[in-house]
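# Reading the structure
What follows is each chain in one-letter form.
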Amino acid sequence: MAPPVLSDLGYVPPDGGWGWAVVFGASISIGFAFTFPKAFTIYFKEIQAVFNISYSQIAWTTSIMCATTYGGGPISSILVNRYGSRPVVMFGGLLCGVGMISAAFCTSILQLYICVGFITGFGLALNLQPSVIIIGKYFLKRRPIANGLAMAGSPVMLCTLAPLNQFLFDSFGWRGSFLILGAILLNCCVAGALFRPIGAGTALVKTQVTEEAKEALKGKIPEDGPMENRAEEEGGKDCFEKINQYLDFSLFKHRGFLIYLIGNVLMFLGFFAPIVFLAPYAKHTGIDEYSAAFLLSILAIVDMVARPTTGIVANSKWVRPRIQYFFSFAIAFNGACHLLCPLASSYTGLIVYSSFFGLAFGMVCAMLFETLMDLVGAARFTSAVGLVTIAECCTILLGPPIGGILIDTFGDYKYMFIKCGSVMVLAGTFLFIMNYYNYRMLAKEEKERKTKEEEPKSP
Amino acid sequence: MPPHRGGGRWQMGRAASVISRPVASAPSPLLMEGLIRSQGHDWEDPAMTTQDSSQTQVNSVTKMQPGHESSGPHVATQELKPASKEDSVYEIVLSGAPVEKNISVASPTKVELICKLGEDSSLKNPQVTWKKGGETISHTTKTQNSWSIQLTISESSQLGSYTCILKGEKELTATFHLHVPKTEGREKPVITYIGDTAVMVCKTEYNAKAWTWYMTNGTELAPINTILHTDKFEIMRKSAKVSRLEIFKLSKKDRGVYWCEAVFDLGSSKARFELKVLSISAPLKPFIAVVAEVAILVTTIVLYEVYSKRKGKVNQKKTLLGDPSSSRQRSKPQKVSKRFLERRFKPREVENITKLQKMYATMHFKHSLCFEVLYI
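Residues numbered from 1 in each chain as written. Chains lettered and ligands numbered in written order. Predicted model: local features only at pLDDT ≥ 70, side-chain atom pairs only at ≥ 80, totals over all residues. Heavy atoms only, no water.

For chain A, the name recorded in an unreviewed UniProt entry is Monocarboxylate transporter 2-like, with Cyanistes caeruleus as its organism. UniProt, in the comment section headed Sequence similarities (unreviewed entry), describes chain A in these words: "Belongs to the major facilitator superfamily. Monocarboxylate porter (TC 2.A.1.13) family." The UniProt entry for chain A carries the following text under Subcellular location (unreviewed entry): "Basolateral cell membrane". (UniProt positions renumbered as here; feature names shortened; annotations may be inferred.)

As a further point, take the overall build of chain B. Along chain B, the regular secondary structure elements total five helices and 20 strands. Expressed as a percentage of the 376 residues in chain B, the buried residues total 39%. With the model as given, the accessible surface of chain B reaches about 22300 Å², and the carbon-plus-sulfur share is 55%. (Helix = DSSP H or I, 4+ residues; strand = E, 2+ residues; numbered from the N terminus. Buried < 20%, exposed > 50% of the residue type's maximum accessible area, 1.4 Å probe, protein only. Areas by Shrake-Rupley, 256 points an atom, 1.4 Å probe, with all protein chains shown as cover.)

Turning our attention to the packing of helix α15 (residues 273-284) of chain A against helix α16 (residues 289-315) of chain A. All names here are of chain A. Where α15 meets α16, the axes come as close as 8 Å, and the angle between the chain directions of the two elements is 150 degrees. Classified by the angle their axes make, α15 and α16 are roughly antiparallel. Seen along the crossing, α15 lies across α16 with a hand that is right-handed. Contacts between α15 and α16 involve I275, L278, A279, A282 and K283 from the former and E289, A292, L295, L296 and L299 from the latter. Across the contact of α15 with α16, the residue classes tally to eight nonpolar, no polar and two charged. (Axes fitted to C-alpha atoms, helices over the stretch in contact; angles between N-to-C directions. Parallel < 35°, antiparallel > 145°, perpendicular 65-115°, else oblique. Left-handed = near helix turned anticlockwise from the far one by under 90°. Contact = heavy atoms within 4.5 Å. Nonpolar A, V, L, I, M, F, W, Y, C, P; charged D, E, K, R; others polar.)

Further remarks concern the pattern of salt bridges. Any two side chains of opposite charge can pair, given that their charged atoms come close. Counting across every chain of the model gives 15 salt bridges over all chains. A salt bridge links R307(A) to D303(A), with the shortest nitrogen-to-oxygen separation between them at 2.8 Å. Of this pair, R307(A) and D303(A) are both found in helix α16, four residues apart, which corresponds to roughly one turn of the helix. Assigned by exposure class, R307(A) and D303(A) land together as buried. Sharing partners across several salt bridges, the network here consists of R86(A), R196(A), E305(B) and K309(B). (Salt bridge = Lys/Arg side-chain N within 4 Å of Asp/Glu carboxyl O.)

With respect to the helices and strands, N264(A) occurs in helix α14 (residues 255-267). Excluding residues that lie within four positions of it along the chain, N264(A) makes contacts with F327(A), L368(A), E392(A) and L431(A).

Where nonpolar side chains cluster on the molecular surface, the patch consists of L339(A), F410(A), Y415(A) and I418(A) and spans about 350 Å² of accessible area. Of note, I418(A) is situated in helix α20 (residues 414-451). (Patch = residues over 30% accessible without salt bridge, like charges linked within 9 Å, V, L, I, M, F, W, Y side chains within 5 Å.)

Our next topic: the packing of aromatic side chains. Residue and element names in this part refer to chain A. One pass over the full model with this rule turns up 32 aromatic pairs over all chains. The interplanar angle of 85 degrees and the centroid separation of 6.2 Å between the aromatic rings of F333 and F356 together place this pair among those described as edge-to-face. On the criterion of sequence distance, the pair formed by F333 in helix α17 (residues 323-340) and F356 in helix α18 (residues 347-376) is long-range, its members being 23 residues apart. For F356, a relative accessible area of 41% puts it in the partly exposed group. Joined through ring pairs, the aromatic side chains of F36, F40, Y43, F44, F51, Y55, F169, W174 and F178 make up one cluster. Directly above the aromatic system of W18 lies the positively charged group of R196, at a separation of 4.0 Å from the ring centroid. (Phe/Tyr/Trp six-rings, centres within 6.5 Å; stacked < 30°, edge-to-face > 60°. Lys NZ or Arg CZ within 6 Å of the ring centre and 35° of its normal.)

Attention now moves to the nonpolar core. All names here are of chain A. With 134 residues, the main nonpolar core has F32, L112, F178, F257, L372 and F381 as its most contacted residues. With 15 residues, α18 is the single largest residue contributor to this core. F32 has contacts with P37, L124, M157, L161, I184, L185, N187 and C188, leaving out every residue within four places of it along the chain. (Core = buried A, V, L, I, M, F, W, Y, C linked by side-chain atoms within 4.5 Å.)

Residue and element names in this part refer to chain A. Confidence in the prediction of chain A, expressed as mean pLDDT, is 85, and 88% of residues score 70 or more. In this model, residues 1-7 is a region of pLDDT below 50 whose contacts with residues beyond four sequence positions or in other chains number 11 contacts. pLDDT under 50 marks residues 217-236. Its contacts with residues more than four places away, or in other chains, come to 17 contacts. (pLDDT = per-residue confidence, 0-100.)

In this section: unusual backbone geometry. Residues and elements named next belong to chain A. In the Ramachandran plot, D15 falls in the positive-phi region, its phi being about 55 degrees despite a non-glycine side chain. Tracing the chain through its elements places D15 in the loop between α1 (5-9) and α2 (18-39). Here D15 falls in the buried class, since its relative accessible area comes to 11%. You will see that N52, though not glycine, has its phi angle at about 60 degrees, which is positive.

All names here are of chain A. Axis separation between helix α3 (residues 44-51) and helix α9 (residues 153-185) bottoms out at 11 Å; the angle between their running directions is 65 degrees. Classified by chirality, the crossing of α9 by α3 is right-handed. Residues E46, I47, V50 and F51 of α3 touch α9, and the partners they reach there are F169, W174 and F178.

This part takes up the environment of E305(B). When you line up the elements, E305(B) lands in helix α3 (residues 281-321). In this structure, E305(B) is in contact with R86(A), A193(A), R196(A) and P197(A), ignoring residues within four places of it in sequence.

What follows covers the pairing of strand β13 (residues 190-193) of chain B. Residue and element names in this part refer to chain B. Here β13 shows no split at all, with V190 and T192 on one side and I191 and Y193 on the other all buried. By the bridge criterion, four bridges tie β13 to strand β20 (residues 267-278) in an arrangement that is parallel. Residue pairing for β20: Y193 is matched across the bridge by L278. (Pairing = 2+ DSSP bridges.)

All names here are of chain B. In this structure the tally under the stated criterion is two disulfides over all chains. Residue C115 pairs covalently with C164 via a disulfide, S to S 1.7 Å. Taking the torsion about the S-S bond as the criterion, the C115 to C164 disulfide, at about -95 degrees, is left-handed. Taken together, the positions of C115 in strand β5 (residues 109-117) and C164 in strand β10 (residues 160-167) put the pair 49 residues apart, joining distant regions of the chain. Pair check on accessibility: C115 and C164 agree, each one buried. In this model C202 forms its disulfide with C260; the gap between the sulfur atoms is 1.6 Å. A residue pair is termed long-range when its members are at least 10 positions apart, and C202 in strand β14 (residues 198-204) and C260 in strand β19 (residues 256-264) qualify at 58 residues. C260 matches C202 in its accessibility class, with the two residues each being buried. Assigning the bonded cysteines of chain B consecutive numbers by sequence position, one obtains the connectivity 1-2, 3-4. (Disulfide = S-S within 2.5 Å.)

This part takes up the environment of I64(A). Residue and element names in this part refer to chain A. In this structure, I64 sits in helix α4 (residues 55-71). Spatially, the C-alpha atoms of I64 and N244 are 28 Å apart, while their sequence positions differ by 180 residues. Ignoring any residue separated from it by four or fewer positions in sequence, one finds I64 in contact with Y113, G117 and F118.

On to the sheet that holds strand β12 (residues 183-184) of chain B, then. In space, the four strands of this open sheet follow the order β12-β14-β18-β17 (chain B), with antiparallel pairing throughout. Across the chains shown, the open sheet's two edge strands, defined by having one partner strand only, are β12 and β17 (233-237) of chain B.

Before going further, it helps to spend a moment on α4(A). Residues and elements named next belong to chain A. Compared with an ideal rise of 1.5 Å per residue, which puts 17 residues at 24 Å, α4 spans 24 Å between its outermost C-alpha atoms and is within 8% of the ideal. Those residues of α4 that fall on the buried side of the exposure criterion are I58, A59, T61, T62, I64, M65, T68, T69 and Y70. If you follow the buried residues of α4, they end up packed against α2, α3, α5 (73-83), α7 (109-138) and α19 (378-410). (Expected span 1.5 Å × (residues − 1).)

Let us look at the sheet that holds β20(B). In space, the five strands of this open sheet follow the order β13-β20-β19-β15-β16 (chain B), with mixed pairing throughout. Two strands close off the open sheet at either side, each with one partner strand: β13 and β16 (220-223) of chain B. Averaged over all pairs of adjacent strands, the angle between their axes in this sheet comes to 35 degrees, without regard to strand direction. When strand β15 (residues 210-217) of chain B meets β16(B), the two strands line up antiparallel, connected through four bridges. When the sheet's bridge partners are listed, N217(B) is paired in β16(B) with E220(B). In the packing of α9(A) onto the sheet, contacts are made with β13 and β20 of chain B, and the angle to β13(B) comes to roughly 45 degrees.

Looking at the element boundaries, T183(B) is found in strand β12. Looking at T183(B), its side chain comes within polar contact range of the side chain of S269(B), at 3.3 Å. (Polar contact = N/O pair within 3.5 Å; in protein donor to acceptor, adjacent residues only side chain to side chain.)

And the structure:
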C-alpha cells in the first residue's frame, strides 16, 4: 500500500544520502525528548531535601514536562508547517538549554516547575515533532528502517544519560548538573542544523532550470513548497481555511487517522505504567535494588536492538503493505507479556519478562510514527502528529497514576499488570479489526479510481 | 549472584539486619531462620503489624516464662524497673554455621534472647552456655529445644554482644549484638556552591531524645550553636526521627565534615556528612566546553552545507553551458571554431555547419535538461 509518490510530496525523496545524517540528528532529538524526564528523576531526593517538599510535589516537575512535550504538539506542527523543521528544532534546542540553565539558579519549587517543567518541556516538544516529520520528507522506500533507527535513539540516550546524570550529580551537585545539562541539551541545535530543508521548491531542481524546462518540455512540475507561496498566490481566504492550512483539522474526517487516534489513545493507558512499576515490583517480590535496576538495563538493551530490527522487518516486502497488522500484533504481544507477568515470581521469570517486554516495547515504539505516516501520507503527517500527540497526552499522563491507585487499593501489583495487559490487548485487537476494514475500503477506492483511468489525474 | 530473598520476613532491615547467608526457601537441616518479634517500638512500616500475627507462637514462649527470673550479668539491674513495659523477643534457630543478629535498643526495655535448635539438627541434648564478652551468664531458661536468657537493658554498659554456645558433637554458636540505633547520614559528599544554602538531613529509626550537630575544628568536634549564629545555622527537628541542619551564605571556610548525633536513653550514635563548597567556576568549565562544541559543530555543518550547495550550483551551470568537465553528460558536441571551418569548407558550407552546430547545441541542452529534471 505505497502512497502515490508525486501527488503526496511533490518530489521523490532521496531515501539515502543526506537522509542518514538526518536520521542521526533525529535520533538525538527524539532521544532527548523521550528520555530526559526519566533521567531527571535522579535529582528528586536531593531537591526534596533542599526545598523541604514531598515526593509528589517534586514528581509534578516531570509530569509537567511530559505534559508540555506532548501537549505542545499542535504548536510544533503549526510552526513546522510555516517555517520548516530546521528553525523549529534549533529554537527548541535553545529553549531547552535556557530552561535548564535558569533552573540551576532556582530557589523554589515553583520556579523549578516553570523552568524545568514548562520551558524545557516546550523545547523538547519543538524537538520531537519536527524530527519525526523530517524523516517522512527524506525517506519513502526505506522509511520504516529510518523510523526504527531514529526511535532507537531513545534507549541509547537513556543508557548514556542515566549514568551521566549520576556522575554529574556526584561531581557538581544538582545546581552544577542542571547548568551542564542545559549545555548538553543545546546539542539539539546540532541535530537541528542537520535537518536540511527539502521539498519540491527548495532542494534539487533550481528555479531557472525548471522555468526553461517548462518551456522546453511543455509540461508542468507541481510545486509543493512552503505554504506561504500558495497564500500569496491565492490572495484572500477565510479564517477557517487559514487555520486548516497551518493545522490540518480535516484530518478528523480521515478514516485511517481516526482509527489510529482511537487505538493509540487506548493503548497509551497501559503503555508506560509497567516500566514505572517494574523496579518497585521486583523489590516487592524480594529482589534487591541492584538486581531490580539490572532488569531495567536488560529492558533498555533489548529495546535498543529491537527498534532498528523492527524497522528492517517492517521494510520487507511482505510486511510493508500490511504494516498496520504488524503494529496491531506488536501492541497485542505487549499486552500479552503484561498479562503473563504475574505468573513470573522468580528472578529468572522476571528477566524473561523484561526481555520480552523490551522486545515488545521496541517494536511498538519503532512503528509508532511509521504507521501514522503510512495512513495519512507524508504531506499531512505534520498536522497529524501534532493532533495525535495532544490527544495521547491525557492517557499517557493518566496511565501510571491509575496503576498506582490500583496498587495502593489492592496492595498487589498483579492487578496493575492485568489492567495494562488487557487495555493493550484490547487496543491491538481494535486496531487489527479496524485496519482490516480500512484496507478493504482503500482497496475498493483504488479500484474505483482505476476504473476512471481515462480521465487525466491532476495532482 | 542470587538475589537476597529477604522478602516479607525482614521488614525493618536496618534495625535488625541479619548477617546471614542466602537461604533456600525449602526447609532443610541447614535451615536458618531469624524471627523478629517486637512490640512497642515505633516501626515506620505499617505492614509490619501483619507479620506480628504470625508470631503468636513466639509470644506464647514469653508468656510461659513469667516464673523464670532472668538475671543479667549485673544483679543490680533486676531491681531497676524498665522504662517501658514492652517485651522484645529475639530468636535464632541454629544450624551449622554461626549466626549473628543486630538488634537496636533505643530505650530501657526487657529483652529475651532465644537460641533454638533446628528440627532436623543432629545435636541432641547439647550443653548450652550464654556469654557476654568473656563472662558466662547464669540463670538461663530452657524449654524443649530452646534456651533463652532474659535481660533488662537499662544502662549502656549492658549493651554488647551476647553469645549462646551449644556444645555437643559439634559446636554451634549464635550471637546477638545489642546496640544503640544507628543514624543515617550521607556517604557521598554534599556539594554546594558559594552563597548557596546547604541542607543536611539526619535520620534514625527510633525516636531520639535530642539531636546535636557538630562541625570539625581541626581534630575536635565543636557543637553548632544556633542561638549564637542565627543567620548562619538553623537546626530543624522535623520529627523525633529526623533532624535537619541548614547552613546559609556558604563560603569556602564552611567546607569539611559535619556530624549529627542522636541521643537516646541508652547512648548516642553519630552520622557523618561531608560538605564541599565549590565556586561557580567549577561547573562553568565543562559548560563552556560543551557550548563551544555545539557552536563548532553547528558552524561546521552549516559551512559544509553552503560548500556543497555552491558545488552543486557550479555543476549545474556547467551542465547548462555544455561544459565537458561537468557530470551527467552524454556525447557532448564539440564546439569547433569558425576559423577552423573557414579553412576547410566553402562559406555556404560553413554557414550550414554553424547552423547545425547551434541546432545540436540546443537539442543537447534540451536533452540534458530532461536528464536533470527526471533523474535528480
